[in-house]
Amino acid sequence: MRKIPKEQIDILVDLQAIEVEGIRVKSVLKGIEGKTKALDKQLKRAENAVIKESEELEALKKAYRDSESDVKDNVALIERNRDKMKAVKTNKEYQALLKGIDEMKERNSEIEERMLEQLEAIDAKESQVEKLREELETLKANVEAEKKGILKEEADGRKILSEIDGKVNKVAEAIDPRLMNLYSRVRARIKDVAIAPVRDCVCTGCNMNIPPQMFNELQQVEGVEICPHCQRMIYWEKPE
Ligand SMILES: [Zn+2]
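Residues numbered from 1 in each chain as written. Predicted model: local features only at pLDDT ≥ 70, side-chain atom pairs only at ≥ 80, totals over all residues. Heavy atoms only, no water.

Colleague: Talk me through unusual backbone geometry; I want residue IDs and the actual numbers.
Modeller: With phi around 60°, Asn207 is a residue other than glycine that occupies positive phi space. Residue classification places Asn207 among the exposed residues on the basis of a relative accessible area of 62%. One non-glycine residue with positive phi stands out, namely Gln231, at about 65°. Summarising the element assignment, Gln231 is placed in the loop between strand S5 (223–226) and strand S6 (233–236). (Buried < 20%, exposed > 50% of the residue type's maximum accessible area, 1.4 Å probe, protein only. Helix = DSSP H or I, 4+ residues; strand = E, 2+ residues; numbered from the N terminus.)

Colleague: Explain the pairing of S5 to me, and be specific about the residues and the numbers.
Modeller: The pairing of S5 with S6 spans two bridges and is antiparallel. Paired with Ile226 across the two strands is Met233, which belongs to S6. Connecting S5 to the antiparallel partner S6 that follows it, the hairpin turn spans six residues, and Gln231 within it adopts a positive phi of roughly 65°. (Pairing = 2+ DSSP bridges.)

Colleague: Can you lay out the coordination of the zinc ion for me, pointing to particular residues and giving the numbers?
Modeller: Distances from the zinc ion to its protein donors, Cys203 (SG), Cys206 (SG), Cys227 (SG) and Cys230 (SG), fall within 2.2 to 2.3 Å. Angles of 105 to 112° at the metal separate the four donor atoms of the zinc ion, which places the site in the tetrahedral class. When the donors of the zinc ion are listed by position in the chain, the intervening gaps give C-x2-C-x20-C-x2-C. Of this pair, Cys203 sits in strand S3 (residues 202–203) while Cys227 sits in the loop between S5 and S6, and the two are 24 residues apart along the sequence. Across the pair, Cys227 and Cys203 agree in class, each one buried. (Donors = N, O, S within 2.8 Å, 3.2 Å for Na, K, Ca; no water. Tetrahedral: all angles 85-135°; square planar, octahedral: opposite > 155°, others 65-115°.)

Colleague: Would you mind going over the nonpolar core in detail, with residue names and values included?
Modeller: The biggest cluster of nonpolar side chains holds 34 residues, and the ones touching the most others in it are Leu12, Leu15, Tyr183, Ile195, Val224 and Met233. For this core, the elements supplying multiple residues, two or more each, are helix H1 (6–87), helix H2 (91–173), helix H3 (177–190) and S6. Apart from residues lying up to four places away in sequence, Leu12 is in contact with Ile175, Leu179, Tyr183, Ile195 and Met233. Cys203, Phe215, Ile234 and Trp236 belong to the second-largest nonpolar core, a separate cluster that totals eleven residues. (Core = buried A, V, L, I, M, F, W, Y, C linked by side-chain atoms within 4.5 Å. Contact = heavy atoms within 4.5 Å.)

Colleague: Summarise the packing of H1 against H2; cite the residues concerned and give the values.
Modeller: Viewed as axis vectors pointing N to C, H1 and H2 meet at an angle of 165°, and their least axial separation amounts to 5 Å. By the angle class used here, H1 and H2 are roughly antiparallel. The interaxial crossing formed by H1 with H2 has left-handed handedness. Considered class by class, the residues forming the contact of H1 with H2 number 42 nonpolar, twelve polar and 27 charged. (Axes fitted to C-alpha atoms, helices over the stretch in contact; angles between N-to-C directions. Parallel < 35°, antiparallel > 145°, perpendicular 65-115°, else oblique. Left-handed = near helix turned anticlockwise from the far one by under 90°. Nonpolar A, V, L, I, M, F, W, Y, C, P; charged D, E, K, R; others polar.)

Below is the structure:
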């Protein structure tokens, strides 16, 4: 049984409360990091969607231009055939040129029909790209606003954390070095609450009963013990 003045235990409990607050703030800061990453990811996804759809739009426009130039080429060929027709000697040659012109005309009307479909597809894709662009702009504005809030939250958290560090150092100075040493060792092992009060023979760190004799001693002598179940530092807290 280590006899420790009650004030020392109280200071240690205060120290622990400050440290627990520090752990909470640190986890908030970690959450902030995740939030920022998620926002960036969302933005990147929206940007990629605009890029992908824009590329598809360009491909559609190119196909339309190709059709246009095919039609132009065919019209030129028809003109050439017409010129040739003026100079042909035989009916057979004339008929062959005429047949060529008909075929070209037929091909052009097929291409023009396809061009109508291409125009429709271009229109649809253009409005889709436009819609995605608008969504991206809205998202950008939202992300920017959210990030501003996050930055503030982060700055607040860092400030609290540095204040906590200052407090920890100050409070730690007031604690008996041997007690502090024990606390630090338990804390390194337990990683969360290192000192817990005992109420009605129960360690509040692990909610298990401590041996009655240990409980009696804790009540009779001010001091700390190590819980045989969870290895936390325990002390008796007088019922109010
Ligand atoms: Zn315990």
